Amino acid sequence: MDQRWWWYTEVSLTVLLLLLNVNRSVRADARCPRENEICVPTENCLYGVVNEGAVFFMMPRFGGDDDECEDEDQVCCKKVPVKPNPYSLPEQPTERPVVVVEDSESLEDEQSDWSEQCGKNSNVTESAGFLANRWEFPWSVAIFRSVWLAGKWRNVFLCGGTLLEDHTILTTVECVRHQLKASLRVHVGRWDLGNTDEKGKKVLEVEEVVLHPDYKPSSKQNNIALLFLADNVRFGSSVNRVCLAEREHRYDVEHLCYTVGWGTKFVNEVKQLQKLKTFLALRNDCQESIRRYTSLSKFELSPADVCTEAVDTIDGNYPCARITGSGLVCAKGNQQHFLVGIASYSLRKCSNASVNDVFVDVRQYTEWIDGHVRARHGQPGTYRPDPVFTEK
């Protein structure tokens, strides 16, 4: 009798727990007004649908929230499976992540032919096509997360970034805001992410992460962040800083502009740094292209964003959009390269769609960048051409 009573009790409790979970799930879905929707973080919702790649996110910048999600950072989205697509490089098992520094011979070789000016490479010939030449853009960096998985340290590729100083990286809030500072690794001097033994490669830890305080995940406004490195970078042919574009700088048809970075997906095994030749699109043209593509007639482009338009025809051979944090640089002739934007989001992704890619316009954030660099190091940065930056 006692055994039977205990059996009935266990079964009843199990059924009760299942009903509670079902009811909780129903209530969770019921918070959203439309069928087949659930509450998800705003950054995982792309125009009302759960974003497949969870790489580039965005929501329309108008109107209020029409959902009933309790969390401020959640919205209602159609239930579509999220398929994360991280690119990871397995490393040898160690007790903790190894920070790599090149030997002195390699460092001496690097110094043989490079310019001390910002935005200059080591007289590298401009490559044809989409593949950048080695060290053609020595300020491009790759940001990884170091994790212990299945008995090995793995470097999971997160995003791109741009070297402003020997200790400062510019990237997006979206890339690093959910990452532990201790897990971040910045790879400088990289070109081929499939080659773990690249000459000139250095891996550095991050000492401080500065996120823009007004970042809005639902619209990607103010999607800009600074990483201060634990050790200084030694400049050379494989590593140099970019010049920072000023607010008053304009870049017309006489300037060559490139989106430089690695892809969100490594299509056809292309893991090398690529460059997409572009020009800056007119604000109204960009806004209209996004409205047409999304059928959102009231979409408004943020005044702190800038768009690009491809010079080459976007067809089946055109590369995917560059990953968030990738740099948009412009130069006139063979002069210095200036950082104009950092990749914020792309609606095109890997398609042939004729829609503009959107970048954070760093010209709108020069004072914010200067303020943090001064606060940390007590002096202005060296990311401006000679003559040296003067006080305003």
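Residues numbered from 1 in each chain as written. Predicted model: local features only at pLDDT ≥ 70, side-chain atom pairs only at ≥ 80, totals over all residues. Heavy atoms only, no water.

K.L.:
Give a description of the overall build of the protein chain that names residues and reports values.
P.N.:
Along the protein chain, the regular secondary structure elements total five helices and 18 strands. Looking at the protein chain residue by residue over its 392 residues, the buried ones come to 50%. Considering only contacts within the protein chain whose residues lie at least 6 apart along the sequence, 71% involve residues at least 24 apart. (Helix = DSSP H or I, 4+ residues; strand = E, 2+ residues; numbered from the N terminus. Buried < 20%, exposed > 50% of the residue type's maximum accessible area, 1.4 Å probe, protein only. Contact = heavy atoms within 4.5 Å.)

K.L.:
Tell me about unusual backbone geometry, and please be specific about residues and values.
P.N.:
Phi angles above zero are rare outside glycine, and Lys220 is one such case at about 65°. With respect to the element layout, Lys220 can be found in the loop between strand 10 (202–211) and strand 11 (225–229). Positive phi, normally seen in glycine, also occurs at Lys349, with a value near 55°. When its relative accessible area of 25% is taken as the criterion, Lys349 is described as partly exposed.

K.L.:
Outline helix 5 (residues 366–377), listing residues and values.
P.N.:
Taking 1.5 Å of rise per residue, twelve residues should cover 16 Å, and helix 5 covers 16 Å from first to last C-alpha, within 8% of that figure. Listed as buried for helix 5 are Thr366, Trp368, Ile369, Asp370 and Val373. Gly378 sits one or two residues past helix 5 and shows a positive phi near 75°. (Expected span 1.5 Å × (residues − 1).)

K.L.:
Give a detailed account of the packing of aromatic side chains, specifying residues and quantitative values.
P.N.:
Evaluation of the coordinates by the stated rule reveals six aromatic pairs. Ring plane angle 80° and centroid distance 6.1 Å describe the contact between Phe137 and Trp139, whose orientation is recorded as edge-to-face. A single burial state applies to Phe137 and to Trp139, both of which are buried. Measuring from ring centre to ring centre gives 5.2 Å for Trp148 and Trp153, while their planes differ by 70°; the resulting arrangement is edge-to-face. (Phe/Tyr/Trp six-rings, centres within 6.5 Å; stacked < 30°, edge-to-face > 60°.)

K.L.:
Lay out the pattern of salt bridges with the relevant residues and their values.
P.N.:
Tallied over the full model, the rule gives nine salt bridges. Here Glu207 makes a salt bridge to Arg376, at a shortest N to O gap of 2.2 Å. Here Glu207, found in strand 10, pairs with Arg376, found in helix 5; they are 169 residues apart in sequence, far enough to count as distant. Assessed through its relative accessible area of 41%, Glu207 is described here as partly exposed. Looking at Arg376, the relative accessible area reads 28%, which means it is partly exposed. Between Arg363 and Asp361 there is a salt bridge, with its nearest N and O atoms 2.9 Å apart. The pair Arg363 / Asp361 is uniform in exposure class, with both members buried. (Salt bridge = Lys/Arg side-chain N within 4 Å of Asp/Glu carboxyl O.)

K.L.:
Talk me through the state of the cysteines; I want residue IDs and the actual numbers.
P.N.:
Tallied over the full model, the rule gives five disulfides. Residue Cys257 pairs covalently with Cys330 via a disulfide, S to S 2.0 Å. Across the S-S bond of Cys257 and Cys330 the torsion is about 110°, and the bridge reads as right-handed. Here Cys330 lies in strand 16 (residues 327–332) and Cys257 lies in strand 13 (residues 255–261), a separation of 73 residues in the sequence. Here Cys257 matches Cys330 in class, with each residue buried. The disulfide partner of Cys286 is Cys307, and the gap between their sulfur atoms is 1.9 Å. Residues Cys286 and Cys307 share a disulfide whose torsion about the S-S bond is about -55°; that sign makes it left-handed. Separated by 21 residues along the polypeptide, Cys286 in helix 4 (residues 283–294) and Cys307 in strand 15 (residues 305–310) bring together distant segments of the chain. (Disulfide = S-S within 2.5 Å.)

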